[in-house]
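# What the coordinates show
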Amino acid sequence: MRGELREKLINLEVALRRKISLVVIVTFIAALAVVNNGCSHSGNPDVSGDDSVSFDVNDPKIKERLGEDDGYALAIMYGADIHGSLETCG
Amino acid sequence: MGGLARRVSYIKAFKNRSNTEVPTLLVDAGNLFSDDRFNATQLPAEVMTKNKWVVKGYGDFHHDAANISYLDLPYVGELLKKDGLDQRLDEYPFINRLVSANIHPLDDQHREPLPYVIREVTLKRGAPGQKVRVGIVGFSEAKPVGPNSFETSYAGFRIDDPFEAAKRVLPELKQKTDFIIALAYMDVGSAQRLASDNSEIDTVIGARQLSNMDDAQHFNRAAVAFAYNQTKYLGEMRVYFKGDGKPENQISRLIALDSNIPDDPFALETVTTAHSEFTNAQNASAQTAAIAHKPDALLSASDSPFAGVETCAGCHEKEYQIWTQSRHAHAMATLERKSQQFDNECVRCHVVGFQRGGFQSQLTTPQFANVQCEECHGPGKQHASNPSKGYGAVATPGACIQCHKQPNDPDFVFAVYWPKIQH
């Protein structure tokens, strides 16, 4: 009788430990998801791709456009007057 | 030249080259939305579509701020309506990066534009680890309506004196930031005055650049540079910092966004989708106009004062043959290669009689596509029905410069171009 009770208690403890482990794992995965994606998603998925380029930045024509890397610490890229057109006429 | 896909591609290459060590901000000095209302009082559906894609594209491709110019106000009025604003902000968060310190709504149905935004960057060069808070503030001149004459109320907004607004806003912004960029949609002299009158400003980015003027000018400690029209050349201001985290020097360049810069595939997808939606909207508008047969639309050949090149060829065969060999005769194909044949901003210089009773759209008036005889010589239907002398004199080069103006065709020289079509 006592042995049966002990076995039941052990089974209960094992089940409880499994549940706690599951909760810990789920919580950890959820925390990872929040860290990587942020708590509030804007509703606009990132369509810009990452910053990697699909062409050779060492191509002489591209290097000529990029100019020398002379130690600048901040860059401001600027434009104006697109007047509603994401693409120019030609 | 230019375009979002090349612009994004260059910036990615720029970051990649410096191993992403250099924080890079992207700003627009104004006139980013079309205000083309034609004869209507409201922006037509196709223009609304174009503008919507600019807000979306600028947001998706990480523009940090854009200045609201007087030209932007018809569409900004739609964006800042309090009714439905939360939903629009959720869909287009970039609305909160449209800045102006001197533009205010005339009614209480619209929200005030934000005067500035603040971006924080961490330096990895000059003063590694130093956090720099960058304030980006916008100013616009009022709408010019004549020589030295301006309209200060436009499209439901009041445009205050930008210099008074600067005196009010800049001390407050200086308290909150380490570096101030002023976006200035105004003439060159006024942009320079903005820098010289306000020592808080570190960088002024002006607009309306019509020629290559690469080097930044310096007033107080501010560098003043001007964006190139339509961003065919991308402006690049390099900022150098001392070890104590203070800016030391600024150097600007204009980078040609020509075919040497490949399109970014992600941005190209956005541009292509935008084209598709815009084309559908414009075709729908053209069909509606054709059905309604509006009296000012002059959509049928019988209503038009233009005769068309085939009619001219009946008597002027030699001139017609010269024309067929010229680029004028294939002007529409140039646009078709870039899928721009439906964009009125482009079409107006690739057809005959746009919005003057000639070309309306490919759907309704294809006979007026390409730069035909009457684009320079004037409407010729009356002349064709009763030929007589006195028709067709062209004042050159003034007539050519209507389209071959500096921003569209910086290489245009009349003496070089004229022999190509001489007749």
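Look up: the structure comes first, before these words.
Attention in this report is confined to the structure presented alongside it. Model, not experiment: these values are computed from the prediction. (Residues numbered from 1 in each chain as written. Chains lettered and ligands numbered in written order. Predicted model: local features only at pLDDT ≥ 70, side-chain atom pairs only at ≥ 80, totals over all residues. Heavy atoms only, no water.)

Further remarks concern the environment of Gln217 of chain B. Residues and elements named next belong to chain B. Mapped onto the elements, Gln217 comes out in strand β13 (residues 217–219). Taking the C-alpha atoms as reference points, Gln217 and Ile251, 34 residues apart in sequence, are found 9.3 Å from one another. In contact with Gln217, not counting residues within four places along its chain, are Gln192, Ala222, Ala223, Val224 and Phe226. A distance of 3.0 Å separates a polar atom in the side chain of Gln217 from a polar atom in the side chain of Gln192. (Helix = DSSP H or I, 4+ residues; strand = E, 2+ residues; numbered from the N terminus. Contact = heavy atoms within 4.5 Å. Polar contact = N/O pair within 3.5 Å; in protein donor to acceptor, adjacent residues only side chain to side chain.)

Before going further, it helps to examine the environment of Ser190 of chain B. Residues and elements named next belong to chain B. With respect to the helices and strands, Ser190 occurs in helix α6 (residues 188–197). Overall, the relative accessible area of 19% leaves Ser190 in the buried class. For the pair Ser190 and Lys389, spaced 199 residues apart in sequence, the C-alpha separation works out to 49 Å. (Buried < 20%, exposed > 50% of the residue type's maximum accessible area, 1.4 Å probe, protein only.)

Once that is clear, we can look at the interface of chain B and chain A. Tallying the contact residues gives 88 residues for chain B and 41 residues for chain A. Here chain B and chain A share an interface that buries about 5900 Å² over both sides, 56% of which is from carbon and sulfur atoms. On the chain B side of the contact with chain A, Lys12, Arg17 and Arg125 of chain B bury the most area, a combined 10% of that side's loss. Along the contact surface separating chain B from chain A lie four salt bridges. Arg65 of chain A is the salt-bridge partner of Asp258 of chain B, the closest N and O atoms lying 2.2 Å from each other. The interface formed by chain B and chain A contains 36 residue pairs in polar contact (both at pLDDT 80 or more). Top contributing element to the side of chain B that touches chain A by residue count: helix α1 (residues 4–17) of chain B, with 11 residues. A breakdown of the residues in the side of chain B that touches chain A according to their chemical character gives 46 nonpolar, 21 polar and 21 charged. Sheet topology note: the strand β1 (residues 74–79) of chain A/strand β15 (residues 233–241) of chain B ladder contains five bridges and is antiparallel. When the bridges of β15 of chain B are listed, Ile76 of chain A appears paired with Met237 of chain B. (Buried area = accessible area lost by both parts, 1.4 Å probe. Salt bridge = Lys/Arg side-chain N within 4 Å of Asp/Glu carboxyl O. Nonpolar A, V, L, I, M, F, W, Y, C, P; charged D, E, K, R; others polar. Pairing = 2+ DSSP bridges.)

Residue and element names in this part refer to chain B. Here Ala384 lies in helix α13 (residues 381–385). Taking the relative accessible area as the measure of exposure, Ala384 reaches 37% and is therefore partly exposed. Spatially, the C-alpha atom of Ala384 lies 7.3 Å from that of Ala307, the residues being 77 residues apart in sequence. Other than its neighbours up to four places away in sequence, Ala384 contacts Ala307 and Thr311.

Looking now at the sheet that holds strand β3 (residues 98–99) of chain B. Ordered in space as β3(B)-β2(B)-β1(B)-β1(A)-β15(B)-β16(B), the six strands form an open sheet in which the pairing is mixed. Each edge of the open sheet carries a strand with a single partner, namely β3 and β16 (247–256) of chain B. As paired elements, β1 of chain A and strand β1 (residues 24–28) of chain B share five bridges and run parallel to each other. The partner of Met77 of chain A across the bridge, within β1 of chain B, is Leu26 of chain B.

Geometric descriptors of this kind do not, in isolation, establish any biological role.
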